[in-house]
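# Tertiary structure, described
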Amino acid sequence: MPDLAELPHCEACALSRSRTRVVIGSGPRAPGLMVVGEAPGRQEDEGGEPFVGRSGQLLVRLISEELGLARDQYFITNVVKCRPPQNRTPRVTEVAACRPWLEAQLAYLAPDRILAVGNVAAAAVFGFTQGIGRTHGRVGHCGGVAGVATYHPAAALRGGPNVVGVMRADLQVLRSLEG
Ligand code: URA
Ligand code: SF4
């Protein structure tokens, strides 16, 4: 497993050439929850913090309202730690190159539960390949840790209150898992 101290300098895939910063993630060790998104966007690439843009604000609010957790009470990161150019979807090869870092974080942090947001995270974390429209709300496992997949908040920003309602229901499934 790679040494997490090396993550800020990783050049294991081509995204290292276009990024400003590696967005490692933030939050406590041994959290009740680890949230895994897709990849950093522009604001995250510049600031080094995950989920600080509009999507992030929505996600943080829903987790607060449904799970009663403030942002500093869970760990939040992405499948791919460097921003893809023009926010394109990360390639399968990039997800594979970055996966050892996610595994190292899981082993180091030892969260109780995982929330995977969006198609890319649901596939990379839980192996759900059918698309989030079918797999949201489903319970999966990663490295022995149980969790749930839900829509990416960017889909909710595009899709409106219906998607937000589905995300709330998915968070209730997460909440119902024995912790
Ligand atoms: N979208 C993501 O998936 N992750 C971020 O950090 C920001 C936006
Ligand atoms: Fe390394 Fe992941 Fe960044 Fe690629 S995306 S350079 S594998 S940290």
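Residues numbered from 1 in each chain as written. Chains lettered and ligands numbered in written order. Predicted model: local features only at pLDDT ≥ 70, side-chain atom pairs only at ≥ 80, totals over all residues. Heavy atoms only, no water.

## Brief notes about helix α8 (residues 161–176)
The end-to-end C-alpha separation of α8 is 23 Å, in line with the 22 Å expected for 16 residues at 1.5 Å each. Looking at α8, one finds that the buried residues are Val163, Val164, Met167, Asp170, Leu171 and Leu174. Taken end-on, α8 shows its buried residues confined to a sector of 120°, consistent with a single buried face. In α8, those exposed residues whose orientation departs by more than 90 degrees from the buried face are Pro161, Asn162, Arg175 and Ser176. Tucked into the core, α8 has its buried residues touching β1 (33–37), α3 (54–67), β3 (113–117), β5 (145–150) and α7 (153–159). (Helix = DSSP H or I, 4+ residues; strand = E, 2+ residues; numbered from the N terminus. Expected span 1.5 Å × (residues − 1). Buried < 20%, exposed > 50% of the residue type's maximum accessible area, 1.4 Å probe, protein only. Arc of directions from axis to C-beta. Contact = heavy atoms within 4.5 Å.)

## Focus on the site of ligand 1
What surrounds ligand 1 is the set Gly37, Glu38, Ala39, Glu44, Pro50, Phe51, Asn78 and His152. Between ligand 1 and the protein, one listed contact pairs an oxygen atom with a backbone N or O atom of phenylalanine 51 at 2.9 Å. In the model, a nitrogen atom of ligand 1 is placed 2.7 Å from a nitrogen or oxygen of the asparagine 78 side chain. In the complex, the protein chains occlude 91% of the 240 Å² of accessible area that ligand 1 would expose alone. Per-class residue counts for the shell around ligand 1 are 3 nonpolar, 3 polar and 2 charged. (Near = heavy atom within 4 Å. Polar contact = N/O pair within 3.5 Å; in protein donor to acceptor, adjacent residues only side chain to side chain. Areas by Shrake-Rupley, 256 points an atom, 1.4 Å probe, with all protein chains shown as cover. Nonpolar A, V, L, I, M, F, W, Y, C, P; charged D, E, K, R; others polar.)

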